[in-house]
Amino acid sequence: MSDYALTLYDVAVRGVRGVSLALLPGEVAGVVGPAGAGKTTLLQVAAGCVRPVRGDAWVWGQRITEASAHRLIGYVPDHCTFPRAATVREVLSYYARLHTSTTAERTPAGRVREALELAGLGSSATLLVEELGHAERQRLGLAQAVMAGRRVL
């Protein structure tokens, strides 16, 4: 199990029955299905937010129910909420300060630059959150999640 970044085995929970998957480090996967199929619920199981009725979930070989596993995984909900009157850079600067210790080798400004680049928000850094479209707000949520240094998002 420890060779995989994320493993779900025979997971059953509200609207989801018998789902198994194993993702290698660096793999990107999408969950596709009609409304109400259980996509969000499955992701919440993978993030440790919802406990399955049956089956198991692991992140880097640790059961998702262990506290140490929670520090390895990040989850971005479908509808992120950020202060509408703040710019993208201001929002990310706030979160960067939360995730940077005084002894850290990466500065808050460096974390912000990296997050903007990874999320494809470089050209939107000076826009107010209220000016962002839905896709850009989703990217902002991803950028915020990246800053925590989680190994699985």
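Before any of the text, the structure's been laid out above.
Residues numbered from 1 in each chain as written. Predicted model: local features only at pLDDT ≥ 70, side-chain atom pairs only at ≥ 80, totals over all residues. Heavy atoms only, no water.

(A) Expanded view of the overall build of the chain. When you go through the chain residue by residue, the secondary structure sums to 5 helices and 4 strands. Helices and strands appear in the chain in the N-to-C order β-β-α-β-β-α-α-α-α. Counting only C-alpha atoms and orienting by the principal axes, one finds that the chain spans roughly 45 × 40 × 20 Å. For the chain, buried positions account for 35% of its 153 residues. Considering only intrachain contacts with a sequence separation of at least 6, the fraction spanning at least 24 residues in the chain is 57%. Counting 17 positive and 13 negative side-chain charges, the chain places the centres of these two groups 5 Å from one another. (Helix = DSSP H or I, 4+ residues; strand = E, 2+ residues; numbered from the N terminus. Buried < 20%, exposed > 50% of the residue type's maximum accessible area, 1.4 Å probe, protein only. Contact = heavy atoms within 4.5 Å. Lys, Arg positive; Asp, Glu negative; His and termini not counted. Charge placed at Lys NZ, Arg CZ, Asp CG, Glu CD.)

(B) Spatial organisation of the packing of aromatic side chains. In total, this model carries 2 aromatic pairs according to the counting rule given. Where Phe 82 meets Tyr 95, the ring centres are 6.3 Å apart and the plane angle is 85°; that geometry is what we call edge-to-face. With Phe 82 in the loop between helix H2 (67-70) and helix H3 (88-98) and Tyr 95 in helix H3, the pair connects residues that are 13 residues apart, well separated along the chain. You can call Phe 82 buried: its relative accessible area is 8%. Accessibility expressed as a relative area gives 21% for Tyr 95, which makes it partly exposed. These aromatic residues form a ring-pair network of at least three members: Phe 82, Tyr 94 and Tyr 95. In this structure, Arg 151 packs its charged tip against the face of Trp 60, placed 3.7 Å from the ring centre. (Phe/Tyr/Trp six-rings, centres within 6.5 Å; stacked < 30°, edge-to-face > 60°. Lys NZ or Arg CZ within 6 Å of the ring centre and 35° of its normal.)

(C) Local environment of the state of the cysteines. Tallied over the full model, the rule gives 0 disulfides. Here Cys 49 stays free of any disulfide, with the sulfur of Cys 80 as its closest cysteine sulfur at 12 Å. (Disulfide = S-S within 2.5 Å.)

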